[in-house]
Amino acid sequence: MADLLAISGDGVPVTALDEGEGPTLLVVHPGGGPALSWNGVTARLADSFRVVRVNRRIYVSPRCTPPLQHSLRTETADVLAIAGLLGGPLILVGHSSGAVVALETALRSPALFAGVIAYEPPMPTRSPAAGEAGHRARAALDASAPAEAMRIHLRDIAGMPAESVDAMLADGPTRDALAAYASAQITDNEAIDALGVGIDRYRYLSLPTTLIQGDRSPAHLHERVSDLAAALPNAHVITLHGQGHTAHRDAPGVLAVAISEAAGEVLW
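Described in the following lines is the structure provided in the data block. Owing to the predicted nature of the structure, the values given are computational and were not obtained by experimental measurement.

1. Some thoughts on the sheet that holds strand 6 (residues 115-119)
- Sheet architecture is open: eight strands sit in the order 1-2-4-3-5-6-7-8, paired in mixed fashion. The outermost strands of the open sheet, each flanked by one partner alone, are strand 1 (2-7) and strand 8 (235-240). The average undirected angle you get between the axes of adjacent strands in this sheet is 20°.
- Note: strand 3 (residues 24-28) against strand 5 (residues 90-95), five bridges, orientation parallel.

Encoded structure:
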């Protein structure tokens, strides 16, 4: 594995993890932690693809406090800075909030990419991604209760069952790991909501786009994927049977196969 370094539009260094050989997949990882969360998927793709994972600046280190002015435009500039180091064709791959970043990046500079693969982007298609629950999560964070902020995020924003969230937070190491990235996660949610509700802008993005969803994922994610599929002029949906929003951890091989096949449809 190699490290890449680029300078983003605001002068901030941006890094990426680079491994494998072949056509390039430029990956924007999900929230809640660093790019290493995609190790399992990357290991299965690197035999056929060059996999470059952008280290999203708000998740580079635990317990960092992202600036309040952080925005999706900042994130798309970071992705474009790394893309500028790479030869084509490039396929953008994003997961969860990283999929929102990927789609916004493609919309900003479509000529740089051959296609997009987006796994359950929580795009504010008909309603905000966080909304009122996001305000409660921010209040908990400001009250020095990061674990409670993550409880609100997981239960009331992500849509996980309350009993599952309670069980996760009852485990000390899991609670600490979640709390370490609470500030980044809440900032991430706010940046997505700042896009505003509506996706008419995507009617002009003609890049081949594969939207991936799990059949066990929360209903709001299915709705958002369906809305995007209807808006994008060149999109189709792949459903991972028996999976939810965390196939990168639960079934990395299944997710890697779906990505490989979607990329193949564009490249070969």
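Resuming the write-up.
2. Quick notes on the pattern of salt bridges
- Counted by the stated rule, this structure contains 17 salt bridges.
- Across the pair Arg50 and Asp18 runs a salt bridge whose closest N-O atoms are separated by 2.7 Å. Separated by 32 residues along the polypeptide, Arg50 in strand 4 (residues 50-54) and Asp18 in strand 2 (residues 13-19) bring together distant segments of the chain.
- The buried category is assigned to Asp18, whose relative accessible area is 12%.
- In this structure, the salt-bridge partner of Asp166 is Arg151, at a minimum N-O distance of 2.7 Å. Residue Asp166 is found in helix 6 (residues 162-170), and its partner Arg151 is found in helix 5 (residues 146-157); the two are separated by 15 residues along the sequence.
- On the accessibility criterion, Arg151 (22% relative accessible area) is partly exposed.
- When salt bridges with common partners are traced through the structure, they connect Glu132, Arg136, Arg155 and Asp156 into a single cluster.

Rules of the game
- Residues numbered from 1 in each chain as written.
- Predicted model: local features only at pLDDT ≥ 70, side-chain atom pairs only at ≥ 80, totals over all residues.
- Heavy atoms only, no water.
- Pairing = 2+ DSSP bridges.
- Helix = DSSP H or I, 4+ residues; strand = E, 2+ residues; numbered from the N terminus.
- Axes fitted to C-alpha atoms, helices over the stretch in contact; angles between N-to-C directions.
- Salt bridge = Lys/Arg side-chain N within 4 Å of Asp/Glu carboxyl O.
- Buried < 20%, exposed > 50% of the residue type's maximum accessible area, 1.4 Å probe, protein only.

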